[in-house]
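# A look at the structure
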Amino acid sequence: MATFYNKATLTYNNGSTDSNIVTGELAEVLSATKTALETDYDTDRPVTYLVSIVNSGATAVTGLTATDNLGEYTFGTGNLTPLTYVDGSLRYYVNGALQPAPTVTVTEPLTVTGISVPANGNALLIYKAYPNGFAPLGTGAEVTNTATISGASLPNDILATATVAHADDPDLSITKTLSPETVTENSEITYTFVIQNRGAAAADAAENVAISDTFNPVLNNITVTLDNAVLTEGTDYTYDETTGVFRTVAGRITVPAAAFTSDATTGAWSSTPGVAVLKVTGTI
């Protein structure tokens, strides 16, 4: 509902006078909502957005334009856009039926023209956008973007927003190296496991992180360290010198969260992963 006010003025030779003010309600027949299918975002995967436009009136509404600001926010004296539209991802449905895609005239902000909503019907826009280098990172970071529905037949623009937070979970990867790469029998070698966490949350004991491996050839008389601290067999890891099967106790390895920084000049975000290093040294 939109409230409007009106009054009349009476003029005559000796002056003028105003009438009382009348108040009315203008029932808006068009409404819009915006939804993100993903519960959070990260820079390696797109977010899918749905903009639903519902017409509760008895007349079709045509010639509409949808504009998405792709999360634009103020930085310094200018603005930054943290999302990038995925070209060709737009899908357009009317009353549930897929239609030829309307025209994308601009991609930043995303501008879609030629949208129509039938009487007592609905239209749905679905599209994807990637978080780019200006998407805020870290705990508490989020992107809020706004879709604006406009058209000559509308008394006012219609706004719909969606907010998605940066993923607040550990994001782990592991690499393994051998030193030296060429060895002789009864020589000592070291396997180094580097675990990186690119996530905004630490991988603590509750994450039950564990490394398992089968050393072939079998290692003898092993020494195990985690971030240069010596680990204890049975308490921190298990090892079978007959089979070469090695495994750390779940939860013994923890990996700090990544560190996130924003460039003070450009506003671009960068990350430094948290790291834990496990080393296993033995003879073959």
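Predicted model, so just to flag it, every value in this text is computed and none were measured. (Residues numbered from 1 in each chain as written. Predicted model: local features only at pLDDT ≥ 70, side-chain atom pairs only at ≥ 80, totals over all residues. Heavy atoms only, no water.)

## Observations concerning the side chain of T190
Relative to the helices and strands, T190 is located in strand β20 (residues 188-197). The buried category is assigned to T190, whose relative accessible area is 18%. Of the polar contacts made by the side chain of T190, one reaches the side chain of T281; its length is 2.8 Å. Contact partners of T190, with chain neighbours within four places excluded, come to T177, L178, S179, K279, V280 and T281. (Helix = DSSP H or I, 4+ residues; strand = E, 2+ residues; numbered from the N terminus. Buried < 20%, exposed > 50% of the residue type's maximum accessible area, 1.4 Å probe, protein only. Polar contact = N/O pair within 3.5 Å; in protein donor to acceptor, adjacent residues only side chain to side chain. Contact = heavy atoms within 4.5 Å.)

## Quick word on the sheet that holds strand β8 (residues 61-68)
The 6 strands lie next to each other as β6-β18-β17-β8-β15-β14, forming an open sheet whose pairing is mixed. Edge positions in the sheet fall to β6 (40-41) and β14 (103-107), since each of these pairs with one other strand and no more. Pairing of β6 with strand β18 (residues 158-166), which is carried by 2 bridges, proceeds in the parallel orientation. Counted as the bridge partner of D40 is A165 from β18. (Pairing = 2+ DSSP bridges.)

## Points about the pattern of salt bridges
Under the definition given, this model contains 5 salt bridges. One salt bridge connects D18 with K7, and the closest N-O pair in it is separated by 3.4 Å. With a gap of 11 residues between them, D18 in strand β3 (residues 15-18) and K7 in the loop between β1 (2-6) and β2 (9-12) connect regions that are remote in the sequence. Where R45 meets D40, a salt bridge forms, and the shortest distance between an N and an O atom there is 2.6 Å. Looking at R45, the relative accessible area reads 28%, which means it is partly exposed. (Salt bridge = Lys/Arg side-chain N within 4 Å of Asp/Glu carboxyl O.)

## Here's the deal with the sheet that holds β20
Pairing within the open sheet is antiparallel, and its 5 strands lie in the order β19-β20-β28-β22-β23. Whereas interior strands pair on both sides, the edge strands pair on one side only; in this sheet they are β19 (172-179) and β23 (229-230). Pairing between β20 and strand β28 (residues 274-283): 10 bridges, direction antiparallel. For E188, the partnering residue across the bridge sits in β28 and is T283.

## So, the packing of aromatic side chains
As enumerated under the stated definition, the model contains 6 aromatic pairs in all. Each member of the aromatic cluster is reached from another via a ring pair, and the members are Y191, F215, Y237, Y239 and F246. In this structure, K34 packs its charged tip against the face of Y49, placed 4.7 Å from the ring centre. Above the face of the Y191 ring, K176 is positioned so that its terminal group lies 4.5 Å from the ring centre. (Phe/Tyr/Trp six-rings, centres within 6.5 Å; stacked < 30°, edge-to-face > 60°. Lys NZ or Arg CZ within 6 Å of the ring centre and 35° of its normal.)

## Structural notes on unusual backbone geometry
Omega for the peptide link from E108 to P109 comes to 0 degrees, which places this bond in the cis form. Relative to the helices and strands, P109 resides in the loop between β14 and β15 (110-117). Here the amide bond leading from N216 into P217 is cis, since omega sits at 10 degrees, within 30 degrees of zero. Relative to the elements of secondary structure, P217 occurs in the loop between β21 (212-214) and β22 (220-226). If you check the backbone angles, N186 has positive phi at about 65 degrees while not being a glycine. Exposure remark for N186: the relative accessible area of 69% places this residue in the exposed category.

## Points about the pairing of strand β5 (residues 30-36)
Each regular strand displays side chains that alternate between the two surfaces of the sheet. Side chains L30, A32, K34 and A36 of β5 all project onto a buried face; the interleaved residues S31, T33 and T35 project onto a face where none is buried. In this sheet, strand β7 (residues 47-55) lies alongside β5 in antiparallel orientation, the contact comprising 7 bridges. Considered in β7, the bridge of K34 is made with V51.

## Concerning the side chain of S89
Mapped onto the elements, S89 comes out in the loop between β11 (83-85) and β12 (91-94). Among the polar contacts made by the side chain of S89, one reaches the main-chain amide nitrogen of K128 at a distance of 3.1 Å. When sequence neighbours within four positions are dropped, the list of residues in contact with S89 reads I126, Y127 and K128.

## What to know about the environment of V94
Tracing the backbone through its elements, the reader meets V94 in strand β12. Looking at V94, the relative accessible area reads 18%, which means it is buried. With 22 residues separating them in the primary sequence, V94 and S116 have C-alpha atoms 8.1 Å apart. Each residue touching V94, except ones within four places of it in the same chain, is listed here: Q99, S116, P118, N122 and A123.

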